[in-house]
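# An overview of the molecular structure
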Amino acid sequence: MATGVLHRVSGGLGRAKSRAQSAGQLVVWTRAFATSSSRNREDSWFKSLFVRKVDPRKDAHSNLLTKNEESNLYKIQFHNVKPECLDAYNKLCEDVLPSIHADKYYPCELVGTWNTWYGEQDQAVHLWRYRGGYPALTEVMNKLRQNQDFTAYRKERGKMLMSRRNQLLLEFSFWNEPVPREGPNIYELRSYQLRPGTMIEWGNYWARAIGYRQHNREAVGGFFSQIGNLYMVHHLWAYKDLQSREDTRNGAWQQEGWDEVVYYTVPLIQHMDSRIMIPTKASPLQ
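All of the points below concern the structure found in this document.

## As for unusual backbone geometry
Peptide bonds are trans in most cases, and residues, glycine excluded, mostly fall at negative phi. A cis amide bond links glycine 183 with the next residue in sequence, proline 184, at an omega value of 5 degrees. By the secondary structure assignment, proline 184 is in the loop between β4 (161-171) and β5 (186-194). Backbone geometry places arginine 217, a non-glycine residue, at a positive phi of 55 degrees. Residue position: arginine 217 is located in the loop between α6 (199-209) and β6 (219-227). The class for arginine 217 is exposed, based on a relative accessible area of 54%. In this model, tyrosine 231 sits at a positive phi of 55 degrees, which is unusual for a non-glycine residue.

## Focus: the pairing of β4
As paired elements, strand β1 (residues 72-81) and β4 share 8 bridges and run antiparallel to each other. Along β4, the bridge assignment pairs asparagine 80 with serine 163. Pairing geometry for β4 and β6, over 4 bridges, is antiparallel. In the sheet register, leucine 170 faces β6, and the bridge partner there is phenylalanine 224.

## Brief notes about the packing of helix α3 (residues 86-102) against helix α5 (residues 148-158)
Following both chains from N to C, one finds α3 and α5 inclined at 155 degrees, their axes separated by 11 Å at the closest point. Classified by the interaxial angle, the pair formed by α3 and α5 is roughly antiparallel. Regarding α3 and α5, the two cross each other, and that crossing is left-handed. Within the contact between the two elements, α3 uses Tyr89, Leu92, Cys93, Val96, Leu97 and Ile100 and α5 uses Phe150, Tyr153, Glu156 and Arg157. Partitioning the contact of α3 with α5 into residue classes produces 8 nonpolar, no polar and 2 charged.

## Some remarks on the packing of aromatic side chains
Two aromatic rings, taken as a pair, are described by how far apart their centres are and by the angle between their planes. On inspection of all chains with the given rule, the structure shows 17 aromatic pairs. Judged by centre distance (4.8 Å) and plane angle (40 degrees), the ring pair of tryptophan 117 and tyrosine 118 falls under tilted. For tryptophan 117, a relative accessible area of 35% gives the class partly exposed. Using a relative accessible area of 44% as the deciding quantity, one classes tyrosine 118 as partly exposed. By way of ring pairs, the aromatic residues Trp175, Tyr192, Trp202, Trp206, Tyr212, Trp237, Trp253 and Trp258 are connected into one cluster. Above the face of the tryptophan 237 ring, arginine 213 is positioned so that its terminal group lies 4.1 Å from the ring centre.

## Topic: a nonpolar patch on the surface
Residues Trp117, Tyr118, Leu242 and Ile278 make up a contiguous nonpolar surface patch of roughly 350 Å² in combined accessible area. Secondary-structure assignment places isoleucine 278 in strand β8 (residues 269-279).

## Quick notes on the nonpolar core
Within soluble globular proteins, side chains that are nonpolar generally end up buried alongside one another. Ile100, Tyr130, Phe172, Trp175, Trp202, Trp206 and Val233 are the most contacted members of the largest nonpolar core, which has 51 residues in total. Looking at which element gives the most residues to this core, the answer is α3, with 7 residues. Leave out the neighbours within four places in its chain, and isoleucine 100 touches Tyr106, Cys108, Trp128, Leu144 and Phe150. In this structure, Ile76, Leu127, Tyr187 and Ala238 belong to the second largest nonpolar core, which totals 16 residues.

## Quick notes on the pairing of strand β7 (residues 232-239)
The element β7 is largely enclosed, with a buried count of 8 among its 8 residues. Here β5 runs beside β7; their pairing, made up of 8 bridges, is antiparallel. Across the sheet, isoleucine 186 pairs through a bridge with tyrosine 239, a residue of β7. Examined bridge by bridge, β6 and β7 share 5 bridges and lie antiparallel to one another.

## Thoughts on the pattern of salt bridges
Should the charged atoms of two oppositely charged side chains come close, the side chains can pair. Applying the stated criterion across every chain yields a total of 13 salt bridges. With a closest N to O distance of 2.6 Å, glutamate 109 and arginine 131 form a salt bridge. One end of the pair, glutamate 109, is in strand β2 (residues 109-118); the other, arginine 131, is in strand β3 (residues 123-131), with 22 residues separating them in the sequence. Among the ionic pairs, arginine 208 bridges to glutamate 260, the shortest N-O distance being 3.9 Å. Linking arginine 208 in helix α6 with glutamate 260 in helix α8 (residues 258-265), this pair joins segments that are 52 residues apart in sequence. Exposure remark for glutamate 260: the relative accessible area of 37% places this residue in the partly exposed category.

## Observations concerning the side chain of lysine 143
Inspection of the secondary structure assignment puts lysine 143 in helix α4 (residues 134-145). Judged by its relative accessible area of 18%, lysine 143 is buried. Within the structure, lysine 143 has its side chain in polar contact with the side chain of glutamate 139 (distance 2.6 Å). Setting aside residues up to four positions removed in sequence, lysine 143 forms contacts with Tyr105 and Tyr106.

Conventions used here
Residues numbered from 1 in each chain as written. Predicted model: local features only at pLDDT ≥ 70, side-chain atom pairs only at ≥ 80, totals over all residues. Heavy atoms only, no water. Helix = DSSP H or I, 4+ residues; strand = E, 2+ residues; numbered from the N terminus. Buried < 20%, exposed > 50% of the residue type's maximum accessible area, 1.4 Å probe, protein only. Pairing = 2+ DSSP bridges. Axes fitted to C-alpha atoms, helices over the stretch in contact; angles between N-to-C directions. Parallel < 35°, antiparallel > 145°, perpendicular 65-115°, else oblique. Left-handed = near helix turned anticlockwise from the far one by under 90°. Contact = heavy atoms within 4.5 Å. Nonpolar A, V, L, I, M, F, W, Y, C, P; charged D, E, K, R; others polar. Phe/Tyr/Trp six-rings, centres within 6.5 Å; stacked < 30°, edge-to-face > 60°. Lys NZ or Arg CZ within 6 Å of the ring centre and 35° of its normal. Patch = residues over 30% accessible without salt bridge, like charges linked within 9 Å, V, L, I, M, F, W, Y side chains within 5 Å. Areas by Shrake-Rupley, 256 points an atom, 1.4 Å probe, with all protein chains shown as cover. Salt bridge = Lys/Arg side-chain N within 4 Å of Asp/Glu carboxyl O. Core = buried A, V, L, I, M, F, W, Y, C linked by side-chain atoms within 4.5 Å. Polar contact = N/O pair within 3.5 Å; in protein donor to acceptor, adjacent residues only side chain to side chain.

Take a look at the structure:
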């Protein structure tokens, strides 16, 4: 009888131990699951801090920032000229470019042509406007291929250049359209390489900022790239001289709100540079 009792007690203890082990395993598994779930939630929350939420858009940035009622396309050209050839290069351009500008056969206009004074030396900058957008650009290119004088100009020009590059641009809706000016003026081309995805933010701030920079008629034109270096913005300004530029820029800081615009737009910029340019004789912007 005693032996039977011992067997029953021993069996009960074994079953209790087994249940305790099972319960312990369940507690450990539950805690592990809870810890894992908590860690996953923390990881998800932590990662969300670094994931930028994208608002769906139903239109291209270019359509949101440009004058929709117009379809002007701009081309800016940067020609790095051999130092000993700059005078001959300017003379060659003066003989050819105004004739294209004046000929209604070509749906394009020479907005301005300059030599860089401060910035990249021995550089020529040309800005063209094509009324009618890409079809107008294509039409001009096709017609110029048939123009023997222009072909000869390009051949002669090639002997004088070290390098060249260009960009196709659209104009911001809130900037002035560049129109001919009487001189003498100096021009500043400020170029900004923006961080990808920030063009709309830039446009929103500068739509307000341009109002602070109109008092001396210094604002000439504002553009952003479509082909070439992307997320590139160009602001073109005119001043009587370098001292006028200094006074005008200092005056902007006296206006309430200008400091805020600078504060919020500087983080959008990856790189920026400035050119002070002198118009050539052929330039409509003098």
